[in-house]
Amino acid sequence: MHPPPGRRLPGALSIFLTAVGIAVAVFFFSPPVDAGHELPFYPSFYPQEITVKTLDPAAAATRLARNEIHAYVGADPFAGGAAPSSVSYVTSLQGYVVAEFNGQVFPGAASRCAAAARLRRTLPPTRTTWVAYPYPVTPHHADYLAQYDLAETAKAPASGAAVDTPGLRVRARGAVAETLLGAGRVGTDAPWDATVEHIPLDALLRGERAAMDGWLGPPWRKTGWSQAYLLLVRSVSDAAARRAIETTYERLASGRVASAVERINLERQLVTSLIASCERVVLGYTVRREPINVDYSQGVENVARDSQDGLDSAIFLRTAKLKDFPWNGWLHVAVEDGSTGAWNPIAGFTDRMGRLVWSAVGDPALLPSPHGAGVVSNRVSAAVTAPAAGVAVPIDSLAPEPGTGVLKKVGAGKRAAVRIEYRVRASAFHDGTKMSVADALYPLALASRWSAVRDGRGGAAAARGDHDAALAAWSARLRDRLVAVRPVKVETLVREYSDVKFIYDVPVIEVYLDRAGGDDESIAIASPWSSAPWHVLALMDEAARRGLGAFSHDAASARGVAWLDLVRDPKQITALAALADELRVKNYVPSALKALATADDARARWSALKTFFEAHRHFLVANGPYRLERWSPDGAVLQVFRDMTYPLGVGTFDDYAIPLRAWVAKVDDRGDRLEIRADVERVSKFAREYELVREPMAASTGGLDMQPQAECRYVVVDAKRTVVRAGTVTRREPTGFTVGLSGLPSGRYTILLMLPVLDNTVDIPITTVQHVVAR
């Protein structure tokens, strides 16, 4: 954490010079944002280096106390004790605590549900890291508003005829369950009635969290309904009930819904069906606490975290700032376990250390919304067009051929439900080559090539080396919806400021889908993007085809070959270097890219890769803000990649570092509308300190203390618990919002209101309004 000898300055002087340096940098290197293109035209000012190392909790606690590391990702090394005053915490959803019942003791749903209610009453109340909660959609989920009334019902005491549930014999599985049950639990070999277990989100979402080459996993990964499905569906024993659940889930996941109201009702129906039989019940959830060093001089500030992934997220490394030496210091991060997965950008980086390395080295197209379930633009922006009549697909649009991935023209007569225009914020890769349309589209071709099962038998195809189930699963939703892609043009944006000229290439690419889903869902599924250049992906493709390795762990195991690693396996590195030389001599262009890349392009690409390999001795070339510099079995060192074509800079994601909230202060029911007055938080900063100020929403006066922009989300539920209306109202009144209610049939309604700020939906107050429409 400390600078090398000769660079350490007295605290006050270092703070003064840091402030002066930031002011000078921002003044000289921060041309104004072009509103039409949403590009902040300045280079990045990230810390000079990031080190990621393995430390056991005891060593991490010592290093944090000594100001020698800035964050410990994934765990709390001070658990059970007191942390020093220089340590603060960020929190996130860690997992679920569930119970399963012995079917011989409790054969029916009524007896199991009664036993679950009894078991819940025996558990300890809410603690720092444990929250007693009987519903799978929690305040940490963005869809909590849509399920709020159902969750409140689940929390209420059960009514009706009592079912006899004698003293329960409960066994614990795992340390969390043992702590919760205490001495009252029975041994694992003793007769039992119920088993309590902790299910971490890391384990529950292992398959869902996988991302290929900078593309996100399923856009619904962070929603409560999808996690409830993963958590509970395997416990449903009734075949008919399970088929109905699978059908509902598939409709949601495939986007086969007509409206937001239909989607919400399907989500509610799914969760209700999953919990009905009480074969596995939710008892509560756990909260992860991760320490960060906030020492006044040697700590970090402006730290954003993800509401479910915590510090194990790309948003952390893109916001954390060193208090001293913000862009020429060293950010030190530690994790408990070393990296056991392969380091490759297609189906690697599957453990915590690997994900942190890839979060810094590779740039994703989009970031998961840190405190919501949507997406945040990172390297692409998008505009969605979905008219009721659909859109015509231009004749020169391209679609990948299954089995080969070759991008071919779709021809005349094609139509689609959705057109998405993406503006791709291109930049240089770490080997100096510039991102092109070929780079953006090659992952789509690669996924199509490796997802086809030519003989109809996945196992045989995988053994033959032309199928990878991980790539097939990852790309299934996109391939299911994709109609075509169309490169439109490449814009060149030039911005001059003083004597500095900034030049940006912005490829414009259209994507056509056969059904919509939500805008964020469509944008996330279909983004044309690659974090690695096409020649590195082609090297991996050819290596996998020749049996030198496999993209994914499962494919490697099935084929009896190594899991492709571009960095840490000396034998593979030697083989890859020889293969890269062979492809360089041939000026190799994958058949899928023949229309998008020339022999001259290939010559320049393979030559640049050779030069990069000779300098760095690995093939992990990407386009993120950091380049892999050094590595060892227990860590890695990442060097900042200061590229003047990199389109994102200091402060891009600062608004997510301090999640803000808004409250419904007053509701006036006017019959045909609700008039809502709101309070909102804003950040008031002074030097390195800040405070949150709650005040009535008012017309913005601008300046440093201006109020953030909130919105009003609402759900209208009728007496039968069916959602009849839902939507979002952006701020239209100086002091609040108006929700229109005209056209509702006569009856009683419950209206659920939430006021998110910047998509922050975590633990946000929800207001219920009872509304009556007279006959």
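All figures in this text were calculated on a predicted structure; none of them were measured in a lab. Per chain, residue numbering runs from 1 following the sequence as it is written. For a predicted model such as this one, the threshold for reporting local features is a pLDDT of at least 70, and the threshold for listing and counting side-chain atom pairs is 80 or more; totals across whole chains, interfaces and linings nevertheless cover every residue. Computation of side-chain values: all heavy atoms of the structure, hydrogens and water removed.

Asker: I keep staring at the overall build of the protein and nothing clicks. Help me out?
Answerer: Each helix corresponds to a stretch of at least 4 residues labelled H or I by DSSP, and each strand to a stretch of at least 2 residues labelled E; elements are numbered beginning at the N terminus. Check the secondary structure of the protein and you find 20 helices and 30 strands. In terms of overall size, the protein behaves like a compact globule, its C-alpha atoms giving a radius of gyration of 27 Å where 775 residues would be expected to give roughly 28 Å. Its C-alpha atoms give the protein principal-axis dimensions of about 80 × 70 × 60 Å. Exposure categories follow from relative accessible area, calculated using a 1.4 Å probe and restricted to protein chains: below 20% of the type maximum is buried, above 50% is exposed, and the middle band is partly exposed. Per-residue burial for the protein yields a buried fraction of 55% across its 775 residues. Per-residue accessibility takes into account occlusion by the displayed protein chains alone, with areas from the Shrake-Rupley method and a 1.4 Å probe. Of the roughly 31,600 Å² of accessible surface on the protein, 53% is carried by carbon and sulfur atoms. Based on C-alpha atoms, the radius of gyration is set beside the globule rule, defined as 2.2 Å times the residue count to the power 0.38.

Asker: Just to check I follow, could you spell out the pattern of salt bridges for this structure?
Answerer: Pairing is possible between side chains that carry opposite charge, provided their charged atoms lie close to one another. Whenever Lys or Arg places a side-chain nitrogen within 4 Å of a carboxyl oxygen from Asp or Glu, that contact is recorded as a salt bridge. Inspection of every chain in the model, using the stated rule, returns 50 salt bridges. As a salt-bridge pair, Arg449 and Asp541 come within 3.0 Å of each other at their nearest N and O atoms. Of this pair, Arg449 sits in helix α13 (residues 437-451) while Asp541 sits in helix α17 (residues 534-545), and the two are 92 residues apart along the sequence. You'll find Arg449 and Asp541 in the same group, each marked buried. Among the ionic pairs, Asp581 bridges to Arg584, the shortest N-O distance being 3.4 Å. Here Asp581 and its partner Arg584 are both found in helix α19 (residues 570-585), three residues apart, which amounts to about one turn of the helix. Beyond isolated ion pairs, a larger network of salt bridges with shared partners links Glu542, Arg545, Arg546, Glu582 and Lys586.

Asker: Please explain the pairing of strand β6 (residues 194-200) as it appears in this structure.
Answerer: The side chains of a regular strand alternate, first on one face of the sheet and then on the other. Burial within β6 is extensive, with six of its seven residues counted as buried. Any two strands between which DSSP finds at least two bridges are classified as paired. Alignment of strand β3 (residues 87-101) against β6, held across seven bridges, turns out to be antiparallel. Note that in β6 the partner of Tyr96 across the bridge is Ile199. Pairing between strand β5 (residues 170-173) and β6: four bridges, direction parallel. Residue pairing across strands places Arg173 opposite Glu197, the latter belonging to β6. Here the term right-handed applies to a crossover when the path leading from its first strand over the helix to its second strand runs clockwise, the strands being oriented away from the viewer. Crossover β5 to β6 through helix α5 (residues 175-181) is left-handed.

Asker: Where do I start with the packing of helix α9 (residues 239-254) against helix α10 (residues 260-275) in this structure?
Answerer: Between two packed helices, both the angle of their axes relative to each other and the distance between the axes serve to describe the pair. Running from amino to carboxyl end, α9 crosses α10 at an angle of 150°, the nearest separation of the two axes being 10 Å. Here α9 lies roughly antiparallel to α10, going by the angle between them. Pair α9 / α10 crosses with left-handed handedness. Here α9 contributes Ile245, Thr248, Tyr249, Arg251 and Leu252 to the contact with α10, which in turn contributes Glu262, Arg263, Leu266, Glu267, Gln269, Leu270, Ser273 and Leu274. Inter-axis angles, ranging from 0 to 180 degrees, are taken between N-to-C directions of lines fitted to C-alpha atoms, where helices are fitted over the stretch in contact. Oblique is the label for every angle not falling under 35 degrees (roughly parallel), over 145 degrees (roughly antiparallel), or within 65 to 115 degrees (roughly perpendicular). Crossings are assigned a handedness: left-handed for a near helix turned anticlockwise from the far helix by less than a right angle, right-handed for a clockwise turn. In this analysis, two residues are considered to be in contact whenever any of their non-hydrogen atoms come within 4.5 Å of each other.

Asker: Help me out: how do you make sense of the environment of Ala360 in this one?
Answerer: Within the fold, Ala360 resides in helix α12 (residues 352-361). Judged by its relative accessible area of 1%, Ala360 falls in the buried class. Taking the C-alpha atoms as reference points, Ala360 and Leu674, separated by 314 residues in sequence, lie 46 Å from one another.

Asker: What exactly am I supposed to notice about the nonpolar core here?
Answerer: Nonpolar side chains in soluble globular proteins tend to end up buried together. Trp534 and Phe619 are the most contacted members of the largest nonpolar core, which has 184 residues in total. If one sorts the elements of this core by residue count, α13 sits on top with ten residues. Ignoring anything within four residues of it in the chain, the contact list for Trp534 reads Ala438, Asp439, Tyr442, Tyr588, Val589, Pro590, Leu593, Ala597, Ala602, Arg605 and Trp606. We define the nonpolar core as a collection of buried residues of types Ala, Val, Leu, Ile, Met, Phe, Trp, Tyr and Cys that are connected through side-chain atoms lying within 4.5 Å of one another. Counting 20 residues, the second-largest nonpolar core is a separate cluster that includes Leu168, Val170, Ala177 and Leu181.

Asker: Which parts of the structure should I look at to understand the sheet that holds strand β30 (residues 767-773)?
Answerer: Each strand in a sheet pairs with its neighbour through backbone hydrogen bonds, running either in the same direction (parallel) or in the opposite one (antiparallel). Spatial ordering of the open sheet is given by β27-β26-β29-β30, a layout of four strands whose pairing is antiparallel. The sheet is open, and its two edges are formed by β27 (723-730) and β30, each paired on a single side. Neighbouring strand axes in the sheet, compared pairwise and without regard to direction, differ in orientation by 20° on average. Here α10 sits on the sheet in contact with β26 (711-718) and β27, set at roughly 120° to β27.

Asker: I would appreciate a short explanation of helix α8 (residues 224-232) in the present structure.
Answerer: Residues three or four positions apart in an α-helix share a direction because the helix packs 3.6 residues into each turn. Within α8, nine of the nine residues are buried, leaving the element largely enclosed by the surrounding structure. Inspection of α8 places Gly224, Trp225, Ser226, Gln227, Ala228, Tyr229, Leu230, Leu231 and Leu232 among the buried residues, and these make up the whole buried set.

Asker: Please explain helix α15 (residues 469-481) as it appears in this structure.
Answerer: The end-to-end C-alpha distance of α15 is 19 Å, a good match for the 18 Å that 13 residues give at a rise of 1.5 Å each. Burial in α15 covers these residues: Leu471, Ala472, Trp474, Ser475, Leu478 and Arg481. Think of a polar contact as two N or O atoms within 3.5 Å of one another; within protein, one of them needs to be a possible hydrogen donor and the other a possible acceptor, and neighboring residues in sequence only count if both atoms come from side chains. Capping of α15 at its N-terminal end is provided by Asp468; its side-chain oxygen lies 3.0 Å from the backbone amide nitrogen of Ala470. Working rule for helices: expected span equals 1.5 Å times residues minus one.

Asker: So what exactly am I meant to see when it comes to the state of the cysteines here?
Answerer: In a disulfide, the sulfur atoms of two cysteines are held together by a covalent bond. Our working definition of a disulfide is a cysteine sulfur pair at a distance within 2.5 Å. Summed over all chains, the structure comprises one disulfide. Across the disulfide, Cys113 is cross-linked to Cys278 (sulfur-sulfur distance 2.0 Å). Measuring handedness by torsion sign, the sulfur bridge of Cys113 and Cys278 sits at about 100° and is right-handed. Taken as a pair, Cys113 in helix α3 (residues 109-122) and Cys278 in the loop between α10 and β7 (280-293) lie far apart in primary sequence, 165 residues in all.

Asker: Sorry if this is basic, but what is going on with unusual backbone geometry here?
Answerer: What you tend to see is this: most non-glycine residues have negative phi, and most peptide bonds are trans. Located in the positive-phi region is Phe349, a residue other than glycine, with phi close to 55°. Classification of Phe349 by relative accessible area gives buried; the value is 6%. With phi around 55°, Asp763 is a residue other than glycine that occupies positive phi space. By secondary structure assignment, the location of Asp763 is in the loop between β29 (747-754) and β30. With a relative accessible area of 47%, Asp763 lands in the partly exposed category.

Asker: What should I look at first to understand the confidence of the model for the protein in this one?
Answerer: In low-pLDDT segments, the atomic positions of the prediction should not be examined closely. Each residue gets a pLDDT score, which is the predictor's confidence in that residue and runs from 0 to 100. The predicted model of the protein has a mean per-residue pLDDT of 88, with 90% of residues at 70 or higher. Counting contacts from residues 159-165, a segment whose pLDDT is below 50, to residues more than four positions away or on other chains yields seven contacts. This model gives residues 454-464 a pLDDT under 50, and the stretch forms 15 contacts once residues within four places in sequence are excluded.

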